Amino acid sequence: MTGSQYLKFLNPLALFNTKRTRDIFKVNPTLPPERIEADKIVVKVFDYTPSSLSEFTFDAIETCNQFNNNGKISWINIDGIRKKEVESLCNHFGIHYLIAEDILSVGQRPKMDEINPVLYCLLNMLYFNDQTGTVETEQISILLGKDFVISYQEDASRDVFDSVREKLRMTDSKLRLSGADYLCYAMIDMIVDNYYVVMDKIGDRIEMLEERIIRSSNKRSLAEINALRKELIVLKRNVGPVRDIVNGFVRTDSELLEERTRKYFKDIYDHIVQANDLVESHRDMMINLHDLYVSNVNLKLNEVMKVMTIVTCLLAPATVIGGIFGMNFDVIPYAHERNGFFIATTLMIIVPIIMVFIFRKRGWF
């Protein structure tokens, strides 16, 4: 039987937790990235001015070339990452090859770079899988240039930008009336706001787990504690560095950011600081839950030991009396007494009863 088969036989949660641990800590930046290229890409473009909006959907990256310096603000969102298309689009927009490498990377730490002519940030969108109880990540790259924003996503089936799209469709919305830097702010703001949705679900799981531990502490509770602690590691790893990203936007001197937009990034900074504090609070709660679990197990063990000790003490008189009358001497008091058995049995019953009253009076149980 292999190690994994033994874990599966021992505990169904153990194999899942072991695999989850490997998934969380498998990132090694010294190794070349092993990205599986997307089967197809979907390009969605919002090309707008305060008075007009055009939406396009393409399946070829070359069609995006027309939106470079066209006199409008363009949001080019690419779902699906392939090396050839990434390098082609970066070459057309004059984006440095180091940024292209970061877009193609896997498991990259959230970061922000300022390499003319763009501001580049890489961070993860977070989702909570209710079926598996795990935090799932999707790497997204956002490039802010002069009158354009390019975003790369890995999964075309989900994102958190629907509200941004709806605001762009509104003629009098602030997004339509502002520049590309405000669009970049709105996208990062939606990603950060979604962190709170994930943390709220983690918080609900922690509260339910706390109630179960208070009612009954068992091995499954311990496995759930360890599983949630791993998800909090994922949260901390992805939420913590975003503070530096937003701080970089606040402090940059780039002409791509208008002065009036910086105050909005300061608002995101406040939100991400609060998110970090919330993650730390959840981590402290998990430590407290682990201590509560250990305390409950020890309390249960103490109760069992107390019962066993009391039973042992109550049976001690019977053992002593039986041992005395069971000795192999020629002369033993009441050895030939007609009612000797009943006398000994009565003593064996009366003495433990008296002991019970004494124990209760002393408050031992």
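The structure reproduced in this document is the subject of the present report. From a predicted model like this one, the values you see are computed outputs, not experimental measurements. (Residues numbered from 1 in each chain as written. Predicted model: local features only at pLDDT ≥ 70, side-chain atom pairs only at ≥ 80, totals over all residues. Heavy atoms only, no water.)

## Thoughts on unusual backbone geometry
For the peptide bond that leads from Asn-116 to Pro-117, omega is 10 degrees, which places it in the cis range. Looking at the element boundaries, Pro-117 is found in the loop between strand E4 (111-115) and strand E5 (118-129). At Asn-69, a residue that is not glycine, the phi angle is positive and equals roughly 55 degrees. Residue class for Asn-69 comes out exposed when judged on its relative accessible area of 64%. The phi dihedral of Asp-147 falls on the positive side, at around 65 degrees, and the residue is not glycine. Secondary-structure assignment places Asp-147 in the loop between strand E6 (134-145) and strand E7 (148-153). (Helix = DSSP H or I, 4+ residues; strand = E, 2+ residues; numbered from the N terminus. Buried < 20%, exposed > 50% of the residue type's maximum accessible area, 1.4 Å probe, protein only.)

## Regarding the sheet that holds strand E3 (residues 73-79)
The strand order E2-E1-E3-E7-E6-E5-E4 describes an open sheet built from seven strands, whose pairing is mixed. Strands at the two margins of the open sheet, each flanked by one partner only, are strand E2 (52-58) and E4. Here the strands of the sheet are splayed against their neighbours by 15 degrees on average, with no regard to which way each runs. Against the sheet, helix H9 (residues 242-251) touches E4 and E5, its axis set at about 145 degrees to E5. (Pairing = 2+ DSSP bridges. Axes fitted to C-alpha atoms, helices over the stretch in contact; angles between N-to-C directions. Contact = heavy atoms within 4.5 Å.)

## Focus: the side chain of Asn-129
Mapping Asn-129 onto the fold places it in strand E5. A residue is classified by how much of its surface remains accessible, and Asn-129, at 18% relative accessible area, is buried. In terms of polar contacts, Asn-129 uses its side chain to reach the backbone amide nitrogen of Gln-131, at 2.9 Å. Engagement of the side chain of Asn-129 in a polar contact is seen with the backbone nitrogen of Thr-132, the distance being 3.2 Å. Excluding residues within four positions of it along the chain, Asn-129 makes contact with Thr-134 and Glu-136. (Polar contact = N/O pair within 3.5 Å; in protein donor to acceptor, adjacent residues only side chain to side chain.)

## Points about the environment of Asn-276
Note that Asn-276 resides in helix H10 (residues 259-325). With 46 residues separating them in the primary sequence, Asn-276 and Gly-322 have C-alpha atoms 69 Å apart. Beyond its immediate stretch of four places on either side in the chain, Asn-276 contacts Val-239, Gly-240 and Arg-243.

## Topic: the packing of helix H7 (residues 180-215) against helix H8 (residues 219-239)
It is at 11 Å that the axes of H7 and H8 come closest, and there the two elements cross at 160 degrees. In this view, H7 runs roughly antiparallel relative to H8, as classed from their interaxial angle. The interaxial crossing formed by H7 with H8 has left-handed handedness. Residue-level inspection shows Tyr-195, Val-198, Met-199, Ile-202, Arg-205, Ile-206, Leu-209, Arg-212 and Ile-213 of H7 in contact with H8, the latter providing Ser-221, Glu-224, Ile-225, Leu-228, Glu-231, Leu-232, Leu-235, Asn-238 and Val-239. Counted by class, the contact of H7 with H8 contains 12 nonpolar, two polar and four charged residues. (Parallel < 35°, antiparallel > 145°, perpendicular 65-115°, else oblique. Left-handed = near helix turned anticlockwise from the far one by under 90°. Nonpolar A, V, L, I, M, F, W, Y, C, P; charged D, E, K, R; others polar.)

## With respect to the environment of Glu-231
Relative to the elements of secondary structure, Glu-231 occurs in helix H8. Sequence separation between Glu-231 and Glu-136 is 95 residues; the distance between their C-alpha atoms is 9.1 Å. Non-local contacts of Glu-231, meaning those with residues more than four positions away in its chain, are made with Arg-20, Gly-133, Thr-134, Val-135 and Ile-202.

## Observations regarding the pairing of E3
Most of E3 is tucked away: seven of the seven residues are buried. Residues of E3 alternate between two faces, with Ile-73, Trp-75, Asn-77 and Asp-79 on one and Ser-74, Ile-76 and Ile-78 on the opposite face, all of them buried. Alignment of strand E1 (residues 42-49) against E3, held across seven bridges, turns out to be antiparallel. Looking at E3, one finds that Tyr-48 is bridged to Ile-73. Alignment of E3 against E7, held across six bridges, turns out to be parallel. When the sheet's bridge partners are listed, Asp-79 is paired in E7 with Gln-153.

## A word on a nonpolar patch on the surface
A cluster of nonpolar side chains, namely Val-320, Ile-324, Phe-325, Met-327, Phe-329, Tyr-334, Ile-343 and Leu-347, defines an oily patch on the protein surface of about 780 Å² accessible area. Of all elements in the fold, only H10 and helix H11 (340-362) reach the threshold of two or more residues within the nonpolar patch. If you tally residues by element for the nonpolar patch, the top one is H10, at three residues. Judged by relative accessible area, which is 57%, Phe-329 ranks as exposed. (Patch = residues over 30% accessible without salt bridge, like charges linked within 9 Å, V, L, I, M, F, W, Y side chains within 5 Å. Areas by Shrake-Rupley, 256 points an atom, 1.4 Å probe, with all protein chains shown as cover. Salt bridge = Lys/Arg side-chain N within 4 Å of Asp/Glu carboxyl O.)

## Topic: the packing of aromatic side chains
One pass over the full model with this rule turns up 11 aromatic pairs. Where Tyr-185 meets Phe-265, the ring centres are 5.9 Å apart and the plane angle is 70 degrees; that geometry is what we call edge-to-face. Placement of Tyr-185 in helix H7 and of Phe-265 in helix H10 is noted, with a sequence separation of 80 residues between them. For the pair shown, Tyr-185 and Phe-265 are each scored as buried. Measuring from centroid to centroid gives 4.7 Å for Phe-249 and Phe-265, while their planes differ by 5 degrees, and the two rings are stacked. Of the two residues, Phe-249 is situated in helix H9 and Phe-265 in helix H10; the sequence distance between them amounts to 16 residues. What makes Phe-249 buried here is its relative accessible area of 0%. A cation sits over an aromatic face here: Arg-158 above Tyr-127, 4.1 Å from the ring centre. The side chain of Lys-174 reaches across the aromatic face of Tyr-182, ending 5.5 Å from its centre. (Phe/Tyr/Trp six-rings, centres within 6.5 Å; stacked < 30°, edge-to-face > 60°. Lys NZ or Arg CZ within 6 Å of the ring centre and 35° of its normal.)

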